[in-house]
Amino acid sequence: MKRKFRFQWGAFLMLIVYGGLFFAMFFRIFVIQASGQVEGQALAAKAAAKYERSKVISANRGKILDRQGQVIAEDTINYRLVAVISPKASEGTKTLMHVADKEKTAKILAKYLSISEKDIFDKLNSKAKNAQGNEIRQVEFGAAGRNISHGVMEKISSEKLPGIIFMEETKRFYPNGTFASNLIGLAQRDTQQDGQTRTVGKMGLESIYNKELSGTDGRVQYKSDLWGYLLPNSDKMVEPAKDGADVYLTIDKTIQNFLEDSMSKVYKKYNPESMVAVVANPKTGEILAVSQRPTYNPQDGTGLENSWLNQLTELTIEPGSTMKTFTLAAAVEEEKWFPNATFQSGQYTVLDRTIRDSNQVGWGNISYLEGIQRSSNVGMAHLLKLMGDDTFISYMKKFGFGEKTGIDLPNEATGQILDKYPINRVTTTYGQGSTVTPIQLIQAVSAIANDGKMMQPYVIEKIVNPNTKKIVKENTPTIKGQPISGKTAKEVREILASTIYSEKGTGQNFASKEYEVSGKTGTAQIPNASGGYSWGKNEFLYSFLGMAPANDPQLVMYIAVEKPKLGPTEFGSEPTATVFNTVMGSSLKYLNIKPQQIKKTNSLTMENLNGQLVEEVEKEFEENGIETVIIGNGDKIIDQYPAEKSEVLSGGYVFLKTDGDSKVPDFTDWSLRNVLTYQTMSGANIEINGEGYVQKQSIKAGTVLNANKKIILKMKKPEESYK
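Procedures and definitions
Residues numbered from 1 in each chain as written. Predicted model: local features only at pLDDT ≥ 70, side-chain atom pairs only at ≥ 80, totals over all residues. Heavy atoms only, no water. Phe/Tyr/Trp six-rings, centres within 6.5 Å; stacked < 30°, edge-to-face > 60°. Helix = DSSP H or I, 4+ residues; strand = E, 2+ residues; numbered from the N terminus. Lys NZ or Arg CZ within 6 Å of the ring centre and 35° of its normal. Buried < 20%, exposed > 50% of the residue type's maximum accessible area, 1.4 Å probe, protein only. Arc of directions from axis to C-beta. 1 Å grid on protein atoms, 1.4 Å probe; cavity = no way out; pocket = protein on both sides within 12 Å on 5 of 7 lines; lining within 4 Å. Points joined across faces, edges and corners; volume = space filled by probe spheres on them. Nonpolar A, V, L, I, M, F, W, Y, C, P; charged D, E, K, R; others polar.

(A) Geometry of the packing of aromatic side chains. Per the counting criterion, the structure on display carries 16 aromatic pairs. With 5.7 Å between their ring centres and 70 degrees between their planes, Tyr 653 and Trp 670 make a pair best called edge-to-face. With Tyr 653 in strand E30 (residues 653–657) and Trp 670 in the loop between E30 and helix H20 (672–682), this pair connects stretches of sequence that are 17 residues apart. What links up through ring pairs into an aromatic cluster is the set Tyr 641, Tyr 653, Phe 655, Phe 667, Trp 670 and Tyr 678. Above the ring of Tyr 395, the side-chain terminus of Lys 398 is found at 4.4 Å from the ring centroid. For the cation-ring pair, Lys 462 lies above Tyr 248, with the distance from its terminal atom to the ring centre recorded as 4.9 Å.

Okay, structure coming up:
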């Protein structure tokens, strides 16, 4: 009885244990059913993680287009080449899935990739291991194996090389290469925090409008089995991608190409430290073209290390005499402009400081009209005195200097109008000391060109949603102010046109045969590291701020060239005039602006004068305001300069050579170019001291020329008009 009792007690204990376990399990099942969670984790979520699959649908990045809808930047499909080198990839298959014949593969790939056959072979023989210590299964070929075009991909695929596969990728494509690059910027593939690789704007408009251009990725979501196959009767959910917006610029591709071509030629010929140019519509404020040098190619990044700044908005400069445009406008508006009144040129004293004209000594007692034509700094100082300092500074502010234009670009600089001391206000009248940006000059000159209405510049025309075709954002012309009247603007245009077409004008190189040009040259000193200013022929910032046609300007343009390498007879206006004349003329014709009939009295086309009588030819030139230099005392011409078909402006020089003895001319105020021309044609023995224009000569004018006797010429400084 005792033993039987023990057995029953043990059974009872077993019953309690198993019963407790069963109860605990039952309770757990109940909790799971009620809450749907195990250890705080949702079962549905764990099931979804195991059996649901999703795939990202990449959104297409928006395009950047010009005002006509021509592509400037867009996404394009290219390919990345991968070689599978592990034999394990072919295990269990009847088809080779890896590179078996490495020599043959290397030889064929070398025909299509910019990498040697040996380097390809070495890659295919790689014994490298991954982070887990296992041999790598595939290799790539660096830059040579990326960005492969569709055409090259198809050619390689036709070779049917086992183990060679292609990964499709999108890349930003810039079909025009170097094209407003510092404005457009660039976008590159970049791995994001979510592990996805996307094209991201890094600079310029690509960066500024990256959010609008990027769009929103879509997603495909479906249920699959453990091996990733779609389960029967499972739902497939698609959330479509929303492509990025298309950004339309005010840039005109044709005018931009005119500008890029001309800038490249001048940059190559004169090798300046930098260049910047911009073309705009003064009636709307639209920027039609903008370029700078050095620049870069966004397609491959060439030159990027030397060109990250957008000079249009971020560069501040002392503009030089282009600033006289606005000093003149202020004086005309205030009725303090008296063109026929005179002043003593040469120098002007402000307390303990003295400013001077470009040639240091001036041109004597001259009219204010001649002063602006010759770009007299002293003339500007007198205008300031007539207006009053406060009035002048108020006009500089009305023209927008010293504050941002508000153009739709980031990092815009403000520049600074110095007005603390009297000398600051004087030097500001002719563009030294105070600083401005190129875009401020364009905004300000729009008031001159647009009958007093100053237009805010902008580069974005509209932003369009490609999914709905709706315009998300659209810019329209904005009047920023009206610093002067329409009457004043018209008068200023006429005065500035005279700086180009008069015999005393500094802007004669900018004269056009088809469109009357109005504008102002500039030759600014550049501050140096020691706190002073650089000096010398190749040390200036040469510029031009102009418009055409002068009576009703359709385009305004600013061009600046810093420290060009000029030849012995070249002036700073030559590189700037090359760009301005080419771009302005071509652009006006492209816009169907009818050419004008420019007065022919301002210039004369050279004929072949050989054999003609000197007396008759000399009289014709005098009637056209052209000075003749006669070499020899014969009756008939045997040589000439300029050559046949060349254009000579009123006030210029023509050299005519005859037989017989020559007399030493009066070299006073001759330029270096004229001196060298005379030396070449006459055979005179000339020694030149200094730079610029002749101030003194060692042999008196009228003396019979003796080739064995040296003529010493002392030149005025600075070298060229410091306008």
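(B) Region of the structure containing the environment of Lys 118. Along the chain, Lys 118 turns up in helix H4 (residues 117–124). Relative accessible area serves as the criterion here: at 58%, Lys 118 is assigned to the exposed category. Spatially, the C-alpha atoms of Lys 118 and Ala 106 are 7.4 Å apart, while their sequence positions differ by twelve residues.

(C) Quick peek at helix H19 (residues 614–623). Of all the residues in H19, the buried ones are Val 614, Val 617 and Phe 621. The arc that holds every buried residue of H19, seen down its axis, measures 75 degrees, which confines them to one face. Every exposed residue of H19 that faces more than 90 degrees away from the buried side is listed here: Glu 615, Glu 616, Lys 619, Glu 622 and Glu 623.

(D) Quick look at empty space enclosed by the protein. Throughout the structure, instances matching the rule amount to four cavities of 30 Å³ or more. What the largest cavity holds in volume is close to 70 Å³. Looking at the largest cavity, the residues that line it are Thr 178, Ala 180, Ser 181, Asn 182, Leu 183, Glu 260, Val 290, Ser 291, Gln 292, Arg 293, Thr 295 and Asn 310. Mapped by element, the contributors of at least two residues to the lining of the largest cavity are helix H6 (181–184) and strand E14 (287–293). At four residues, the largest contribution of residues to the lining of the largest cavity is made by E14. Considered class by class, the residues forming the lining of the largest cavity number three nonpolar, seven polar and two charged.

This is a description of form; function is not addressed.
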